[in-house]
Amino acid sequence: MKKAVSLVLALMMVFAFTAVFTGCGSSDEGGEGGAEGAIKAGFICLHDENSTYDKNFIDAANEACEELGVEAVIKTNIPEGQECYDAAAELVDAGCGIVFADSFGHEDYMIQAAKDFPDVQFCHSTGTKAHTEGLDNYHNAFASIYQGRYLAGVAAGLKLNDMIEKGDITADQAKIGYVGAYTYAEVKSGYTSFFLGARSQCPSATMDVTFTGSWYDEALEKEAANKLINGGCVLISQHADSMGAPTACEKKGVPDVSYNGSTIDSCPNTFIVSSRIDWVPYYKYAIEAAQNGEAIDTDWTGDLSTGSVVLTDINENVAAEGTQDAIDEAKAQLESGELQVFDTSTFTVDGKALDSYEADVDTDKDYTPDTEVIEDGAFQESKFRSAPYFDVEIDGITLLDTAF
């Protein structure tokens, strides 16, 4: 009898131990260890690590899950179509209690998955519809990357000044080239904030923007950069996800401000600095909330203060002298509120000040303006939802094509 009781107790202890750690631990994507209540976290990525954009998400997923002791299950090269829903369903079947997707076009499929799997949390980066869908288990997240773009623009403006002072260009030749993916508000917000940062240092700066019609196409991005350089642009930046533009700049000796990570190893002679969103703070916040049964913000916006907007180290061999000090000063002013990126006194639209503007915040198929966003002398980006809605075309920026 005593042996039987001992055996039962032993089996109960084994069962309890197993129950605590089910769904935790390590995998190729996750980390070691675990804690009671830990869940698997699923990630859906548009491309793989060859895309600087997706690599930034993948690195953050791995880091956040390793720190939390949560298993990460990552699916890459998932198109913005039915494949996204299928991937989400597969992650649910694999035991994921929270699923993240990283690309704008994934949104409708993530919403459908949220409706079909109400016990699982779905978080979508760059999306716009969570605040109007009204689903308890569907959430959008973004960060105020326009702050980081502005700071990177400060570095670009100082480089232009340096080129002018050295006689490499004249003040009226201080033209920036920008490789964009699409004419979405996210891209417009990015190149405009970058331009305003550059012009805060180099008032004569202008910008040409061209679009590729793709988030990731190395050949097209390289072609676009070369087109801009051949058109007289003396410094290049981008909102596109491959190494196409940076490598074109390195080959032609044109200074470059990249995005989503440093390109100094491949482009040591032209890379200046890069801004990016650090998704680790959001991933940790959302996963921990899901584990604890707590509500996740419908629209979450990270910024400089949350560590969600970051810059790489500057390349001292290419950047102008004093660049780090100027970035630090501007960053402090952004954090204190003394400086606003889209201060309407710093730009005009068709030669006039912008004192009122209704943006398309509550997204509909016709992109109908619905929300006044000019407050306190500035366009208040990412205040009324996390994803950018700045779609103003300001003076000084020329769009070479708008087919996308």
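What counts, and where the lines are drawn
Residues numbered from 1 in each chain as written. Predicted model: local features only at pLDDT ≥ 70, side-chain atom pairs only at ≥ 80, totals over all residues. Heavy atoms only, no water. pLDDT = per-residue confidence, 0-100. Contact = heavy atoms within 4.5 Å. Axes fitted to C-alpha atoms, helices over the stretch in contact; angles between N-to-C directions. Helix = DSSP H or I, 4+ residues; strand = E, 2+ residues; numbered from the N terminus. Parallel < 35°, antiparallel > 145°, perpendicular 65-115°, else oblique. Left-handed = near helix turned anticlockwise from the far one by under 90°. Patch = residues over 30% accessible without salt bridge, like charges linked within 9 Å, V, L, I, M, F, W, Y side chains within 5 Å. Areas by Shrake-Rupley, 256 points an atom, 1.4 Å probe, with all protein chains shown as cover. Salt bridge = Lys/Arg side-chain N within 4 Å of Asp/Glu carboxyl O. Lys, Arg positive; Asp, Glu negative; His and termini not counted. Charge placed at Lys NZ, Arg CZ, Asp CG, Glu CD. Buried < 20%, exposed > 50% of the residue type's maximum accessible area, 1.4 Å probe, protein only. Pairing = 2+ DSSP bridges. Expected span 1.5 Å × (residues − 1). Arc of directions from axis to C-beta.

## What about the confidence of the model for the protein chain?
This prediction gives the protein chain a mean pLDDT of 91; 91% of its residues lie at or above 70. Contacts for the low-pLDDT stretch residues 1-35, under 50 throughout, to residues beyond four places or in other chains number 38 contacts.

## Considering the packing of helix H2 (residues 52-68) against helix H10 (residues 280-292)
Where H2 meets H10, the axes come as close as 9 Å, and the angle between the chain directions of the two elements is 45 degrees. Taken together, the axes of H2 and H10 are oblique relative to one another. Between H2 and H10 the crossing geometry is right-handed. Only Val280, Tyr283, Lys284, Ile287 and Glu288 of H10 make contact with H2, whose side of the interface consists of Phe57, Ala60, Ala61, Glu63, Ala64, Cys65, Glu67 and Leu68.

## A few points about a negative patch on the surface
Judged by side-chain charge, Asp355, Glu358, Asp362, Asp370 and Glu372 come together as a negatively charged surface patch. With respect to the element layout, Glu358 can be found in strand E13 (residues 358-359).

## Re the pairing of strand E3 (residues 96-101)
Among the 6 residues in E3, 5 count as buried, and that is most of the element. In terms of strand pairing, strand E1 (residues 40-44) meets E3 through 5 bridges, oriented parallel. If you follow Ile44 over to E3, its bridge partner there is Ala101.

## Focus: helix H8 (residues 218-230)
With 13 residues, H8 extends 18 Å between its outermost C-alpha atoms, agreeing within 8% with the 18 Å of an ideal straight helix rising 1.5 Å per residue. Those residues of H8 not exposed but buried are Glu221, Ala224, Ala225, Leu228 and Ile229. On an axial view of H8, the arc spanned by its buried residues comes to 135 degrees, and they lie on one face. Every exposed residue of H8 that faces more than 90 degrees away from the buried side is listed here: Ala219, Glu223 and Asn230. Close packing links the buried residues of H8 with strand E6 (175-180), strand E7 (206-211), strand E8 (235-239) and helix H9 (244-252).

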